[in-house]
Amino acid sequence: METISGLKSKAADLRKIADKLDEAANALAGLAGNEESWPLPLASATSELGDLVKMSGVNAIFRVLTEAGTPLKKTTLSQRLRDRGKAIGDNTLQSYLSRDKRFQSYGRGQWGLTR
């Protein structure tokens, strides 16, 4: 049999989890434009959030940098790729950036498109 303090502790933990889930749901609703559209239809969610999944890594990098229109820090670039369904490891990302002629280093960890 559980004690009252044990149950209160579990309830507090569950409230924290519920708050995190609410934050995530609100963030996804914000991506869709408004909260009335929550939950997102599956097709809509995957086309917006996972639109880079089927692309090659190097082409996904090119698309993100093209859309940014300005050089990005490597950490920002990596996060944008992950947010859109394309997780590329740091070493692989560095390799793609340094070997493809479409990309240029702008110093201090910033990369953009070759001018």
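The text that follows walks through the structure, step by step, so that each part is easy to find. (Residues numbered from 1 in each chain as written. Predicted model: local features only at pLDDT ≥ 70, side-chain atom pairs only at ≥ 80, totals over all residues. Heavy atoms only, no water.)

Considerations on the overall build of the protein
Part 1 of the argument: Along the backbone of the protein there are five helices and three strands.
Part 2 of the argument: Across the protein, helices and strands are ordered from the amino to the carboxyl terminus as α-α-α-β-α-α-β-β.
Part 3 of the argument: Partitioning the intrachain contacts of the protein with sequence separation of at least 6 by distance along the chain shows that 43% fall at a separation of at least 24.
Part 4 of the argument: Carbon and sulfur atoms form 55% of the exposed surface of the protein, whose accessible area is close to 8,200 Å². (Helix = DSSP H or I, 4+ residues; strand = E, 2+ residues; numbered from the N terminus. Contact = heavy atoms within 4.5 Å. Areas by Shrake-Rupley, 256 points an atom, 1.4 Å probe, with all protein chains shown as cover.)

A word on a nonpolar patch on the surface
Part 1 of the argument: A contiguous nonpolar surface patch, about 320 Å² in accessible area, is contributed by Leu 14, Ile 17 and Leu 21.
Part 2 of the argument: Of note, Leu 21 is situated in helix α1 (residues 4-32).
Part 3 of the argument: For Leu 21, a relative accessible area of 57% gives the class exposed. (Patch = residues over 30% accessible without salt bridge, like charges linked within 9 Å, V, L, I, M, F, W, Y side chains within 5 Å. Salt bridge = Lys/Arg side-chain N within 4 Å of Asp/Glu carboxyl O. Buried < 20%, exposed > 50% of the residue type's maximum accessible area, 1.4 Å probe, protein only.)

Let's talk about the pairing of strand β3 (residues 110-113)
One face of the sheet, then the other: side chains in a regular strand alternate in exactly this way.
Part 1 of the argument: The sheet contact formed by strand β1 (residues 72-73) and β3 spans two bridges and is antiparallel. Bridge pairing in β3 places Lys 73 opposite Gln 110.
Part 2 of the argument: In this antiparallel pair of consecutive strands, strand β2 (residues 103-105) and β3, the connection spans four residues, and Gly 107 shows a positive phi of 80 degrees. (Pairing = 2+ DSSP bridges.)

With respect to the pattern of salt bridges
Part 1 of the argument: Under the definition given, this model contains four salt bridges.
Part 2 of the argument: Among the ionic pairs, Lys 10 bridges to Glu 2, the shortest N-O distance being 3.0 Å.
Part 3 of the argument: Take Lys 10: its relative accessible area is 44%, and that puts it in the partly exposed class.
Part 4 of the argument: For Glu 2, a relative accessible area of 44% corresponds to the partly exposed category.
Part 5 of the argument: Of the charged contacts, one joins Asp 100 and Arg 102 as a salt bridge, the two residues approaching to 3.1 Å between their closest N and O atoms.
Part 6 of the argument: One connected set of salt bridges, linked through shared partners, spans Asp 51, Glu 67 and Arg 84.

Remarks on the packing of aromatic side chains
Part 1 of the argument: Following the criterion strictly, the structure yields zero aromatic pairs and no others.
Part 2 of the argument: Its guanidinium or amino end placed over the ring of Phe 62, Arg 102 lies 4.7 Å from that ring's centre, counting from NZ or CZ. (Phe/Tyr/Trp six-rings, centres within 6.5 Å; stacked < 30°, edge-to-face > 60°. Lys NZ or Arg CZ within 6 Å of the ring centre and 35° of its normal.)

Brief notes about the sheet that holds β1
Part 1 of the argument: The strand order across the open sheet formed by three strands is β1-β3-β2, and the pairing between neighbours is antiparallel. Every other strand in the sheet has two partners, leaving β1 and β2 as the edge strands with one partner each.
Part 2 of the argument: Two elements, β2 and β3, share three bridges in a ladder whose sense is antiparallel. When the sheet's bridge partners are listed, Gln 104 is paired in β3 with Gly 112.

As for the nonpolar core
Part 1 of the argument: Counting residues in each nonpolar core, the largest one holds 14 residues, and the members touching the most others are Ile 61, Leu 65, Leu 77, Leu 81, Leu 93, Leu 97 and Phe 103.
Part 2 of the argument: Of all the elements in the fold, those that place two or more residues in this core are α3 (57-68), α4 (74-83) and α5 (90-99).
Part 3 of the argument: Ranked by the residues each element gives to this core, the list is headed by α3, at five residues.
Part 4 of the argument: Setting aside residues no more than four positions away along its own chain, Leu 81 makes contact with Leu 52, Ala 60, Ile 61, Val 64, Lys 86, Ile 88 and Leu 93. (Core = buried A, V, L, I, M, F, W, Y, C linked by side-chain atoms within 4.5 Å.)

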